[in-house]
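Notes for the structure review
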Amino acid sequence: MTALTEHTPLHDCRADFADELIALARADERIVAVCNDSVGSSNLIAFREEFPDRLVNVGIAEQDLVGVSAGLANAGYIPFVSAAAPFLTGRALEQIKADVAYSNRHVVLCGQSPGMAYGELGPTHHSIEDLSWMRAVPGIQVVVPADPAQTRAAVRWAAASEQPSYLRIPRFKVPAVTPEDAPFQTGRAVRLTDGGDVTLLAVGTMVSRALEAANLLAAEGIGARVLNMTFVEPLDIEAVIAAAEETGALVTAEEGLLSGGMGAAVAKVVAEHRPVPVRMLGVPTFAPTGSTTFLLEHFGLTADGIARAAHKALGSD
């Protein structure tokens, strides 16, 4: 794995999401996009220009957004439902539960700008609860791509899947971290580095930071395994158990609420199968108002913060 530096190129996953959706729509007329007056922020302008009859804009009405999409799925279409993550998952949670999950409709829920990407807009616009909420609804596959390659792969995977899914599409730019030969398989994590002392398990925007933390730890003679836990649901239980058995200490990192998120899922597996020290990094409560950079630093969601958590898990801090 190539070391990340300050000169590593950064990429906008929203653009890759939109480009891949257009490519799918050209090949499959069942693909439709549904949004809540978010054509621009979802990067769907080009999709609308090429497929004006296959983009449905319900306006600022998220409950209708999901209900209409479930109806389209019932009629044989494959709807990609694109909206800001806090409003898609918060306002329409009942419809996601009843119309999509309980009814088992092939709807692809695309949460745009999740985590604390809206920065100064504050807690009303932060989507830190979405992973916890979506994990709690039976039947929803929860996917958090880490970079452009995984974003494109996730869009293709979701279109081919016969189950409802939730994709988290990041707002701020991230580096490419996925090896070219890495498979994208349901419920499988991607191992990015090897190491026998501690395992860093991360999702989405935290994956590149976990890799940076692994470099910091390596400089101290600590070998860190890095797992990109792309699927929060279903979780790669085998990879978690193997990490616990082979490294003996785990650190989880996510741009989301600690209660019920990826870290909680990992901790449950560890407690049931192979108890070892686990340190969970995430957001413990409503975040203060500030830039995304400030908020991530505030909660220790940085390379330094992950490295410090690793020391604590190892008992060396």
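These numbers come from a predicted model, not from an experiment.

Parameters at a glance
Residues numbered from 1 in each chain as written. Predicted model: local features only at pLDDT ≥ 70, side-chain atom pairs only at ≥ 80, totals over all residues. Heavy atoms only, no water. Helix = DSSP H or I, 4+ residues; strand = E, 2+ residues; numbered from the N terminus. Rg over C-alpha atoms; globule rule 2.2 N^0.38 Å. Buried < 20%, exposed > 50% of the residue type's maximum accessible area, 1.4 Å probe, protein only. Pairing = 2+ DSSP bridges. Axes fitted to C-alpha atoms, helices over the stretch in contact; angles between N-to-C directions. 1 Å grid on protein atoms, 1.4 Å probe; cavity = no way out; pocket = protein on both sides within 12 Å on 5 of 7 lines; lining within 4 Å. Points joined across faces, edges and corners; volume = space filled by probe spheres on them. Nonpolar A, V, L, I, M, F, W, Y, C, P; charged D, E, K, R; others polar. Expected span 1.5 Å × (residues − 1). Arc of directions from axis to C-beta. Phe/Tyr/Trp six-rings, centres within 6.5 Å; stacked < 30°, edge-to-face > 60°.

Here we take up the overall build of the protein. On a plain count of helices and strands, the protein comes out with 12 helices and 14 strands. In summary, the protein has a C-alpha radius of gyration of 19 Å against a globular reference of 20 Å for 317 residues, a match within 12%. Seen through its C-alpha atoms, the protein measures out along the principal axes to roughly 60 × 40 × 40 Å. Across the 317 residues that make up the protein, the buried fraction comes to 57%.

On the basis of which strands lie adjacent, the open sheet formed by 5 strands has the order β9-β11-β10-β13-β14 and mixed pairing. Pairing within the sheet leaves two strands with one partner each, and these edge strands are β9 (190–193) and β14 (278–283). Averaged over all neighbouring strand pairs, the angle between strand axes comes to 20 degrees, with direction disregarded. Sheet analysis places strand β10 (residues 198–202) next to strand β11 (residues 224–228), joined by 5 bridges and oriented parallel. Within β11, the residue paired with Val-198 across the bridge is Ala-224.

Turning to empty space enclosed by the protein, a few remarks are in order. Overall, the coordinates contain 1 cavity of 30 Å³ or more when judged by the stated rule. Considering the residues around the largest cavity, the lining is formed by 13 residues, among which Pro-114, Arg-168, Pro-170, Thr-205 and Glu-255 are closest to the centre. Here the residues of the lining of the largest cavity sort into 7 nonpolar, 3 polar and 3 charged.

Right, let's get into helix α3 (residues 62–74). The first and last C-alpha atoms of α3 sit 18 Å apart over 13 residues, in line with the 18 Å expected at 1.5 Å per residue. Here α3 has its buried residues at Glu-62, Leu-65, Val-66, Ser-69, Ala-70, Leu-72 and Ala-73. All buried residues of α3 project into a common sector of 160 degrees when viewed along the axis, lining one side.

With 5 bridges connecting them, strand β13 (residues 250–257) and β14 associate as parallel partners. By the bridge assignment for β14, Val-251 is matched with Arg-279.

Now for the layout of surface pockets. Its volume calculated, the second largest pocket comes out at about 200 Å³. If you go around the second largest pocket, the residues you meet are Phe-172, Arg-209, Glu-212, Thr-292, Thr-293, Leu-296, Glu-297, Thr-302, Ala-303 and Asp-304. Considering each element in turn, the lining of the second largest pocket owes the most residues, 4 residues, to helix α11 (residues 292–298). In the lining of the second largest pocket, the residues fall into 3 nonpolar, 3 polar and 4 charged.

For the coordinates displayed, the defined rule picks out 4 aromatic pairs. With a centroid separation of 5.1 Å and 50 degrees between ring planes, the pair formed by Phe-47 and Phe-51 is classed as tilted. Like Phe-47, the residue Phe-51 is buried in the burial classification. Taking 5.1 Å as the distance between ring centres and 80 degrees as the angle between the ring planes, the aromatic pair formed by Trp-157 and Phe-231 counts as edge-to-face. Here Trp-157 is found in helix α7 (residues 148–160), whereas its partner Phe-231 is found in strand β12 (residues 231–233), with 74 residues between them in sequence. Residue Phe-231 is classed as buried on the basis of its relative accessible area, which comes to 2%.

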